[in-house]
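Topology and contacts: notes
Below, each chain spelled out in residue letters.
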Amino acid sequence: MSNLKLGVDVVGAHNLLPKDGHGSSSAVVELHFDNQKFRTTIKEKDLNPVWNESFYFNISDPSNLHNLTLDAYIYNDIKSAHSRSFLGKVSLHGTSFVPHSDSVVLHYPLEKRGVFSRVRGELGLRVYTTDDPSIKSSTPLPAHEDIQSHAQPIQNSLPSKSKSEARHTFHHLPNSNHQNQQHNSAAGVVSNHVTKYGVDEMKSEPPPPQIVRMYSGSSAQPVDYSLKETSPFLGGGQVVGGRVIRSDRTASTYDLVERMQFLFVRVVKARDLPAMDITGSLDPYVEARIGNYKGITKHIEKQQNPAWNVVFAFSKERMQASVLEVRVKDKDLLKDDFVGLVRFDLNEVPTRVPPDSPLAPQWYRLEDKKGEKIKGELMLAVWIGTQADEAFPDAWHSDAATAIDSSAAASTLIRSKVYQAPRLWYVRVNVVEAQDLVPTEKSRFPDVYVKAQIGNQVTKTKNMQARTFNPMWNEDLLFVVAEPFEDHLILTVEDRVGPGKDEILGRVIIPLSIVEKRADDRAIHSRWFNLEKPVAVDVDQLKKDKFSSRLHLRVCLDGGYHVLDESTHYSSDLRPTAKQLWKPPIGVLELGVLNAVGLHPMKTRDGKGTSDTYCVAKYGHKWIRTRTIVDNLFPKYNEQYTWEVFDPATVLTVGVFDNSQLGGPNGKDLKIGKVRIRISTLETGRVYTHSYPLLVLHPAGVKKMGELHLAIRFSCTSLVNMMYIYSRPLLPKMHYVRPFTIMQLDMLRHQAVNIVAARLGRAEPPLRKEVVEYMSDVDSHLWSMRRSKANFSRLMSVFSGIFAIGKWFGDICLWKNPITTVLVHVLFIMLVCFPELILPTVFLYMFLIGIWNFRYRPKFPPHMNIKISQAEGAHPDELDEEFDTFPTSKSPDLVRMRYDRLRSVAGRIQTVVGDIATQGERLQSLLSWRDPRATALSVTFCLVAAIVLYVTPFQVVAGLAGIYAMRHPRFRYRLPSVPVNFFRRLPARTDCML
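Everything numeric here is computed off the predicted structure, so don't read it as measured data.

Cut-off values and rules
- Residues numbered from 1 in each chain as written.
- Predicted model: local features only at pLDDT ≥ 70, side-chain atom pairs only at ≥ 80, totals over all residues.
- Heavy atoms only, no water.
- Helix = DSSP H or I, 4+ residues; strand = E, 2+ residues; numbered from the N terminus.
- Buried < 20%, exposed > 50% of the residue type's maximum accessible area, 1.4 Å probe, protein only.
- Areas by Shrake-Rupley, 256 points an atom, 1.4 Å probe, with all protein chains shown as cover.
- Axes fitted to C-alpha atoms, helices over the stretch in contact; angles between N-to-C directions.
- Parallel < 35°, antiparallel > 145°, perpendicular 65-115°, else oblique.
- Left-handed = near helix turned anticlockwise from the far one by under 90°.
- Contact = heavy atoms within 4.5 Å.
- Nonpolar A, V, L, I, M, F, W, Y, C, P; charged D, E, K, R; others polar.
- Pairing = 2+ DSSP bridges.
- Patch = residues over 30% accessible without salt bridge, like charges linked within 9 Å, V, L, I, M, F, W, Y side chains within 5 Å.
- Salt bridge = Lys/Arg side-chain N within 4 Å of Asp/Glu carboxyl O.
- Core = buried A, V, L, I, M, F, W, Y, C linked by side-chain atoms within 4.5 Å.

**Quick look at the overall build of the protein**
Helix and strand counts for the protein come out as 15 helices and 46 strands. When the 994 residues of the protein are sorted by exposure, 45% land in the buried category. Looking at the protein as shown, the accessible area adds up to about 52,800 Å², and 57% of this sits on carbon and sulfur atoms.

**A closer look at the packing of helix α9 (residues 818-833) against helix α14 (residues 954-965)**
Closest axis-to-axis distance for the α9/α14 pair is 9 Å, and the angle between their directions is 160°. Regarding the angle of α9 to α14, the classification is roughly antiparallel. In the crossing of α9 with α14, the sense of the turn from one axis to the other is right-handed. On α14, the residues that touch Phe828, Ile829, Val832 and Cys833 of α9 are Gln955, Ala958, Gly959, Gly962 and Ile963. In the contact of α9 with α14, the residues fall into 6 nonpolar, 3 polar and no charged.

**Considerations on the environment of Val257**
For Val257, the location among the structural elements is in the loop between β16 (243-246) and β17 (261-271). For the pair formed by Val257 and Gly236, sequence separation is 21 residues and the distance between their alpha carbons is 8.4 Å. Non-local contacts of Val257, meaning those with residues more than four positions away in its chain, are made with Leu234, Gly235, Gln387, Gly592, Val593, Leu594, Asn638, Glu639 and Gln640.

**Side note on the sheet that holds strand β40 (residues 613-619)**
Remark on secondary structure: sheet strands pair via backbone hydrogen bonds, oriented parallel or antiparallel. Ordered in space as β26-β41-β40-β43-β44, the 5 strands form an open sheet in which the pairing is antiparallel. Bordering the open sheet on either side are β26 (417-420) and β44 (670-678), each of which pairs with just one other strand. Averaged over all pairs of adjacent strands, the angle between strand axes in this sheet comes to 15°, irrespective of strand direction. Pairing of strand β43 (residues 651-658) with β44, which is carried by 8 bridges, proceeds in the antiparallel orientation. Bridging from a neighbouring strand, Val654 pairs with Val675 of β44.

**Here's the deal with a nonpolar patch on the surface**
Among the surface-exposed residues, Phe792, Leu795, Met796, Val798, Phe799, Ile802 and Phe803 lie close enough to one another that they form a single nonpolar patch of about 690 Å² accessible area. Residue assignment for the nonpolar patch shows that the elements contributing at least two residues are α7 (785-798) and α8 (800-813).

**Quick word on the nonpolar core**
One recurring pattern in soluble globular proteins: nonpolar side chains tend to sit buried together. One finds Leu589, Leu591, Trp623, Trp643, Leu652, Leu708 and Leu710 to be the most contacted residues of the largest nonpolar core, which totals 64 residues. With 7 residues, the top contributor of residues to this core is helix α5 (residues 742-760). Sequence-distant contacts of Leu708, that is, excluding residues within four places in its chain, are made with Val593, Asn595, Ala596, Cys615, Val654, Val656, His690, Ser691, Tyr692 and Leu694. One finds Val10, Ala72, Tyr108 and Leu125 within the second-largest nonpolar core, a separate group that totals 33 residues.

Have a look at this one:
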């Protein structure tokens, strides 16, 4: 039987519906899960009951947990009638169950049981899974009782022989064992103990269980910068038009990459090696060589029975030899000594294809160079496999061997890796007040503020110049932290005693591990913290002081937000931090990184330009890094990765970088280019194989750094769920209930990127900070003249349809095409006579346009466009300004020139904003009597218009107005109309401007 159990803490209920006829209810909660049923105690006459009781269900089949449902029913117990009435229920699917460390108390709105039932209120539950063997499953209710039966106390539901024991099953757990179970109830009662129902054993048994097509996009750009559709031969067959034509080869899980064969050599260990030194020992290492390629293990000092357990992978397409030699050598200062070798004929090496079991290593007797057996044995396993092999990710690769170091120890810098970004939390610190502050100078009131710090993040409240020693702030301070929590929250109360001089009055240190987590906007109960002096104080003074200064705080970890750690335009994940709020995935995204062609040389080696490139892909919490292909401008990666998709309005980012760590740890990895793919633009089930140009903006202009060949497939697991996602808010609920300001979001995003970069930089191999910042578009919010022009051009493109309609209507009014104008008149009269046809006509017209555009729908994902980006004709000085550091590092004269240019642009924007404000103020002055004559005319016109419109049918008024607007030019005048003249004469507040 499995030890995994489902824990349910029934905290309390709030605002229940009165059902006893006296304005109250006697509530009891009944829990149903996996054919087990538990019941809480009855809370008499309480619409806001608090239980704080825990129950533990046995999970019969943990693999089927995601298909199970927890049902919590609330009933009103009616003792006099021996019955009960329904108050509401909560149903939780198994996909929302999380481990104990990730669980928080959530208040679920009660659901109806039927169409005609009436419920209200909320139920507070904490649901989690645990495998703690010390926790025993609770005693279930008898199987014959159903949810309609009479609600008796739990003692009565136990077998008679255990009723005496049931009196002792209500005991309190120590706080040290269940610190995370100390949560506040919905009624505001603080509980430091959790009631547990348990017995020594379960009373009941669980139930049984290549063709290339060119695309240049809507905005024409050079063909060389355009997307190219390809038809490669992948593991599943040839891809033609997004469909896979199956081949005769066996199916593979790696069906989005070209199948590559490798010779794998696993060097496990050696024994009984002969002594080579005078001291009677040796420092052995192994060298695997085939042709011009060799891989070397690390040497082990003074060991005749060494162990390495290293795997070498030699690309078969580069092999120019038919014999593999595995040599054992002795490390020496001058020249390494030969110990022995083992030879393999490649024609006799077996082939392994997963899911075959791994090839078992064998002992091989060492031979000398003449082929005679000598002392010592080497345990090896040699086989031919593909990149689907389990040994592939951690193996040393021949195509990644460097001229600097070809040892297996150096392969950590070049091997492929899957990274898991840390789970980020927002920390909200509400500084309420301080009490009994003791400044150094007793003769004045302190000018105090509170400074909070977590790691490198520092923020503070405003200065409070109170006429008392008990200042109040009531300010929120926000931070970003990552699991596992490494830093403490440090708060110091400081007194501004002079310009640039602050004195610390006290300090408090709060470990984040004890801070309460919440997933909604429930009120956090405040706590008083005693302030400690950070330095030694006089002992006699401490004896005189009978009290301590205190700080009043509300601190919580907000899990209801999504921590933004990337640009909002290219978000790859929109889920909240709290796992209990996660929804099931709607699909799977598969990415095959095939190859890159025509890469630009990023360094010089042996007198020629070359690059050591690797790819990084980021989606959600999962980052991947391919192996580094050394000294190759046409690298072949052929690595495939998979992500779960929770929202289609997310973006996959793939970047290409040059590895600068092979020659030393001081250089920065250089960016070659990146590709963004929005999931919502992909058709489900289709394989997209395209060659993406790697476009990078340099101070000299836009430059193509090569092309990246990718294969992408988005598979939808539930079409209904995906369509439902489109009706849901983009961000979690807390972003709308308690939104952050723009300044707070920018600050928190910057801190989040720094935290993610620091954590990923500690992995092996490290994902460096410049890589994380480039993939996260950390500088997308900085000023750029080019980007401003591009955004203005996009805005004009959005309104181009309205401008086109206005121009067309102008041509109608000018009768440039009399036939069209007459037809428009006829249509207008029909719509005026039958106004109920207006909206159906508009939507039918939009429907027809959509159906017509279906033939011309895009067949490829959108890609970076230099025309839309205004990158092709950008001025060199504008690009130089865009690549300037922040703060600037340019000369004062150049900064002054750019400042004057920015003032000129801002002046034009200022004029446009002022003109818009002027028109609005003129509209307000129609009835404000600022111009008494104009307002008198306006009021008189309104009275006449009201009378005329009252006695005249609306169709007549609308028809006459339309015919007048579309009248023939013969009846028009070149001068502005009377309403326009009247409106332009109205006053505005421009006279009040300085």
